[in-house]
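# Fold and contact review
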Amino acid sequence: MPQERVWSADHLRFSFRLGASPKYPYRVTLFVFVTIFDGYVDEPALLGVPPYISPYPRLIAGVLEELEIPYEYITVDMWREGARPRGDVLVVTGGAIVPGRYLRGMPASVREIADVASAFKGVKIIGGPLVRFGITGRKDVSSLLRIFDHVVSRDLEAFLYELLGNGTPEDRWRTGEEWSRWLTLGAPMVRGHPDHGGMLIAEIETSRGCPRYISGGCSFCTEPLYGKPVFRPPEDIIGEIKALWENGVRHFRIGGQSCIFSYMAHGVGERERVRPNPRALRRLFQGIWKVAEPDVLHVDNANPAVMAEHEREAMEILDILVKYTTPGNVLALGMESADPVVIEANNLNAQPEEVMRAIEMVNEVGRERGENGMPRLLPGLNFLLGLRGERRETYTINMEFLRDVMRRGLLLRRINVRKVVPVRGEFRIKSTHLARKFRDEVRREIERKMLRDVVPWGTVLRNVWSEVHVGGYTYCRQVGTYPLTVVLPYRVPIGIPMDVKVVAHGDRSVTAVRYPVDPNTASLSELKAVPGVGEKRAARIIRMRPFHSLSEISSATGLSEEELSAFMSLSSSSSAPPPSPSSRGGRVRSRTSS
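These lines cover the structure that appears in this document, whether it is placed above or below.

About the cut-offs
- Residues numbered from 1 in each chain as written.
- Predicted model: local features only at pLDDT ≥ 70, side-chain atom pairs only at ≥ 80, totals over all residues.
- Heavy atoms only, no water.
- Disulfide = S-S within 2.5 Å.
- Buried < 20%, exposed > 50% of the residue type's maximum accessible area, 1.4 Å probe, protein only.
- Axes fitted to C-alpha atoms, helices over the stretch in contact; angles between N-to-C directions.
- Helix = DSSP H or I, 4+ residues; strand = E, 2+ residues; numbered from the N terminus.
- Parallel < 35°, antiparallel > 145°, perpendicular 65-115°, else oblique.
- Left-handed = near helix turned anticlockwise from the far one by under 90°.
- Contact = heavy atoms within 4.5 Å.
- Polar contact = N/O pair within 3.5 Å; in protein donor to acceptor, adjacent residues only side chain to side chain.
- Core = buried A, V, L, I, M, F, W, Y, C linked by side-chain atoms within 4.5 Å.
- Pairing = 2+ DSSP bridges.
- Salt bridge = Lys/Arg side-chain N within 4 Å of Asp/Glu carboxyl O.

### Here we look at the state of the cysteines
What the rule picks out here adds up to zero disulfides. The thiol sulfur of Cys 218 is not disulfide-bonded, and the nearest other cysteine sulfur, from Cys 221, lies at 6.2 Å. With a relative accessible area of 13%, Cys 221 lands in the buried category.

### Concerning the packing of helix 8 (residues 176-185) against helix 9 (residues 234-246)
Viewed as axis vectors pointing N to C, helix 8 and helix 9 meet at an angle of 10°, and their least axial separation amounts to 8 Å. Here helix 8 is positioned roughly parallel relative to helix 9, judged by the angle of their axes. The two elements helix 8 and helix 9 cross, and the hand of that crossing is left-handed. Two secondary-structure elements touch here, helix 8 through Ser 180, Leu 183 and Thr 184 and helix 9 through Asp 236, Gly 239, Glu 240 and Ala 243.

### Looking at the side chain of Lys 501
Within the secondary structure layout, Lys 501 lies in strand 22 (residues 497-505). Here the side chain of Lys 501 touches Ala 566 through a polar contact of 2.5 Å, landing on its backbone oxygen. Leave out the neighbours within four places in its chain, and Lys 501 touches Gly 458, Thr 459, Val 460, Thr 511, Ala 512, Val 513, Tyr 515, Ala 566 and Phe 567.

### Describing the nonpolar core
The biggest cluster of nonpolar side chains holds 138 residues, and the ones touching the most others in it are Phe 261, Phe 285, Met 307, Leu 318, Leu 331 and Leu 381. Setting aside chain neighbours within four positions, we find Leu 381 in contact with Leu 333, Met 335, Val 355, Ile 359, Phe 401, Leu 402, Leu 412, Arg 414, Ile 415 and Asn 416. Core analysis: the second largest hydrophobic core is formed by 29 residues, Val 76, Leu 144, Leu 145 and Phe 148 among them.

### What to know about the pairing of strand 21 (residues 485-488)
Neither face of strand 21 is open: one carries Thr 485 and Val 487, the other Val 486 and Leu 488, and all of them are buried. Sheet analysis places strand 20 (residues 473-478) next to strand 21, joined by four bridges and oriented antiparallel. Its bridge partner lying in strand 21, Cys 476 is registered against Val 486. In this structure, the hairpin formed by strand 20 and strand 21 is closed by a connection of six residues, where Tyr 482 is found at a positive phi of approximately 55°. As paired strands, strand 21 and strand 23 (residues 509-514) are joined by three bridges and run parallel to one another. Across the sheet, the residue bridging to Val 486 is Val 510, located in strand 23.

### Section: the environment of Ile 126
Residue position: Ile 126 is located in strand 8 (residues 123-127). Using a relative accessible area of 0% as the deciding quantity, one classes Ile 126 as buried. Each C-alpha atom, one on Ile 126 and one on Leu 156, is 7.5 Å from the other, the two residues being 30 residues apart in sequence. Setting aside its immediate chain neighbours within four residues, Ile 126 contacts Val 92, Ile 113, Val 131, Leu 144, Leu 145, Phe 148, His 150, Val 151, Val 152 and Leu 156.

### Thoughts on the pattern of salt bridges
Under the criterion given, the structure shown has 42 salt bridges. Residues Glu 72 and Arg 86 are paired through a salt bridge, measuring 3.0 Å at the closest nitrogen-oxygen approach. A residue pair is termed long-range when its members are at least 10 positions apart, and Glu 72 in strand 6 (residues 71-75) and Arg 86 in the loop between helix 3 (76-80) and strand 7 (89-96) qualify at 14 residues. For Glu 72, a relative accessible area of 16% corresponds to the buried category. Two residues, Arg 253 and Glu 203, come together in a salt bridge whose shortest N-O distance is 2.8 Å. Of this pair, Arg 253 sits in strand 13 (residues 251-256) while Glu 203 sits in strand 10 (residues 201-205), and the two are 50 residues apart along the sequence.

What follows is the structure in structure tokens.
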């Protein structure tokens, strides 16, 4: 039930905006209830598509907590399943600037947001990257914005604080103190996210802006548009994580920055290739483990030019990341192209030799396999199609760079090839055929072979969560930054963690089976997916179970105990000694009679 709020005479103008008529000349009593609608965000330096939750709805919730205004939180996926906003004020945040391939949660489309807003009868407010940059390059969203009473181009949470707290609709940027205060106050709202208690991972901002703002940064990127970077102190970030931990979040990504190596770096505002500050990062990551025990703690972006130019500091930071983050971590290196013509035309981060050195550095300290089955820390690469200056030779140069990575025996966890989004100008792929050919070659020639080295056949991956069913298959992932897609060739319940064992490799995913398989409880589909078993042996196992030892299964199937033990294990209950004939109350049937 919305709580009663008393508005002074200063709020009369706002009360009329809400559609409430004052009954008393000096005092107005209103019932105010706010719905936060999360349309999901995907920006170059920030992610908020499930299982991620971005800082934006948490900031809004922090304002409402501070003002003691009741609210509810719904996501676009909840809306798709029938949830509808209620109350007096609708606050919409969203905007997928970077087009992604999502396993389940999809960012809200312009049409969906329009439908949500059109059906709402109260005050409608919209903000976030959608307003600033549009949706995946769709700059003209004016028809959508006309539906809203307030369109916020700066920080939505600061506008909301002014409107609901002071009765003044002021569109402004938040202060650094407000930034951390509202994130900490808004932590309880994560309990309303559908992934809470499961895969939910909180995206943590360390800064806003890019050190390369001096020259405008990369031609396509929105982060330099925020200007000189503003960094959150380690203590503020640690306090936010403590609050999230106390509200049940177990997975975190320090992902809201253009470059983790540039966090609180020296020379910001003076030069683009700032000198890293290992001391600040050590204080941050050590502090996180003092207030929480994350199941997952990962990072995101890194500028390879900063790493290559300041190698000593970069190696110290890599040691910190390997020590204080969890396995499966990926550093997304901003490369975009290996073609020097394209690099110059788009003011890109680094030269190819600098990127190669950064890849070598990460491999040197991070390729050891961790307790979840994945290497502790590996690099990832982004390639953009359609950048200025792109030519036929560009694809050949890019492909040769990747072949060189393979020849050197270096590992890459992720290679992202996508079309550039025209947020800061017009970009066009000149040869769609060559672009498609390059992408196919990367997947066939590089990614599949690379996956075999990153997760060889028989690798056991721990805490893999089932997410969606596609036909008779179950698509799963570990929680983390750029997690590997794992496909089970049968259906299992959605939303459960499990251990799996890799049995095959695709271009961008692996096929696996649950590990270990209990032959006394597994389904026919699960048993026949075990290497060497097949449909006939699986049917025989089901017909003859329960078994009490692997030797019994070996006799029944003709498979050796060694082959069986690689994937199967009898649970303690199913491997107990068989009951005596008298306790069964009948004759014992011989297994050979089947």
